[in-house]
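Breakdown of the fold
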Amino acid sequence: MDDGNLKAREIEKVMDGTEKTSREIRDLIGLKAKVTDPGSYDTPCSGHPGGNVHRAVHPWSVYDAPVDDMRMAMDRLRGDLPKHSWKIVKDGHDGSPSKAPQIVANHEGGEFSVDIRLHDERKYGNRPPLIEVTVESACFRAKKPD
């Protein structure tokens, strides 16, 4: 892979952009519910031998809302993501035994992707349903802050 074509960016700025994108997705989900927010982190991008290629990842979940409301939120996302410059590249079920509904979308600018899954954990005991969201940045070469 040619790392020379990757943008050189400051890790903190990319992580901030990833969290901003997560907030926009949270607004599109539009549920009055609790949200986990562990913050974003950076991780190496695989397939880049230089060792200075990263991606920012921001995983979080929406919970403590009725599962029917969560299903409606997923339906809203199918219509609203494209209106907000997202291209849905997968809309179906994930590969897990529970076959959770999953939407994967890429932002038109190519800077971010999102993976959204609805887990109805009631099937597996007392665990509440939740919407799991992971926003990832595109790979970039890390540079030092100015």
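We now turn to the structure provided with this report. Since we're looking at a predicted model, the values are computed, not measured.

Here's the deal with the overall build of the chain
Across its full length, the chain holds two helices and nine strands. Counting from the amino terminus, helix and strand elements in the chain follow one another as β-α-β-β-β-α-β-β-β-β-β. For a compact globule of 146 residues, the expected C-alpha radius of gyration is about 15 Å, and the chain comes in at 16 Å, within 12% of that figure. Taking all 146 residues of the chain together, 38% fall into the buried category. When contacts within the chain are restricted to residue pairs at least 6 apart in sequence, those whose partners lie at least 24 apart make up 61%. For the chain, the exposed surface amounts to about 8,300 Å²; the carbon and sulfur share of it is 49%. Each charge class in the chain was averaged separately, 23 positive and 25 negative side chains, and the resulting centres sit 2 Å apart.

Considering the packing of aromatic side chains
Inspection of the entire model under this criterion finds zero aromatic pairs. Lying across the ring of Trp 60, Arg 26 places its NZ or CZ 5.3 Å from the centre.

Digging into helix H2 (residues 67-83)
In this model H2 runs 25 Å from its N-terminal to its C-terminal C-alpha over 17 residues, within 8% of the 24 Å that 1.5 Å per residue would give. Restricting attention to buried positions, one finds in H2 the residues Val 67, Met 70, Ala 73, Met 74, Leu 77, Asp 80 and Leu 81. Where H2 is buried, its residues touch helix H1 (11-29), strand S4 (53-63), strand S5 (86-93), strand S6 (101-107), strand S7 (112-119) and strand S8 (130-137). The positive-phi residue at the C-terminal boundary of H2 is Ser 85, with phi of around 70 degrees.

Some remarks on the environment of Gly 92
Its place among the elements puts Gly 92 in strand S5. Along the primary structure Gly 92 and Asp 64 are separated by 28 residues, whereas in three dimensions their C-alpha atoms are 23 Å apart. The contact partners of Gly 92, leaving out residues within four places of it in the chain, are Ala 100, Pro 101 and Gln 102.

Cut-offs applied
- Residues numbered from 1 in each chain as written.
- Predicted model: local features only at pLDDT ≥ 70, side-chain atom pairs only at ≥ 80, totals over all residues.
- Heavy atoms only, no water.
- Helix = DSSP H or I, 4+ residues; strand = E, 2+ residues; numbered from the N terminus.
- Rg over C-alpha atoms; globule rule 2.2 N^0.38 Å.
- Buried < 20%, exposed > 50% of the residue type's maximum accessible area, 1.4 Å probe, protein only.
- Contact = heavy atoms within 4.5 Å.
- Areas by Shrake-Rupley, 256 points an atom, 1.4 Å probe, with all protein chains shown as cover.
- Lys, Arg positive; Asp, Glu negative; His and termini not counted.
- Charge placed at Lys NZ, Arg CZ, Asp CG, Glu CD.
- Phe/Tyr/Trp six-rings, centres within 6.5 Å; stacked < 30°, edge-to-face > 60°.
- Lys NZ or Arg CZ within 6 Å of the ring centre and 35° of its normal.
- Expected span 1.5 Å × (residues − 1).

Remember that the coordinates give geometry; whether it matters functionally is a separate question.
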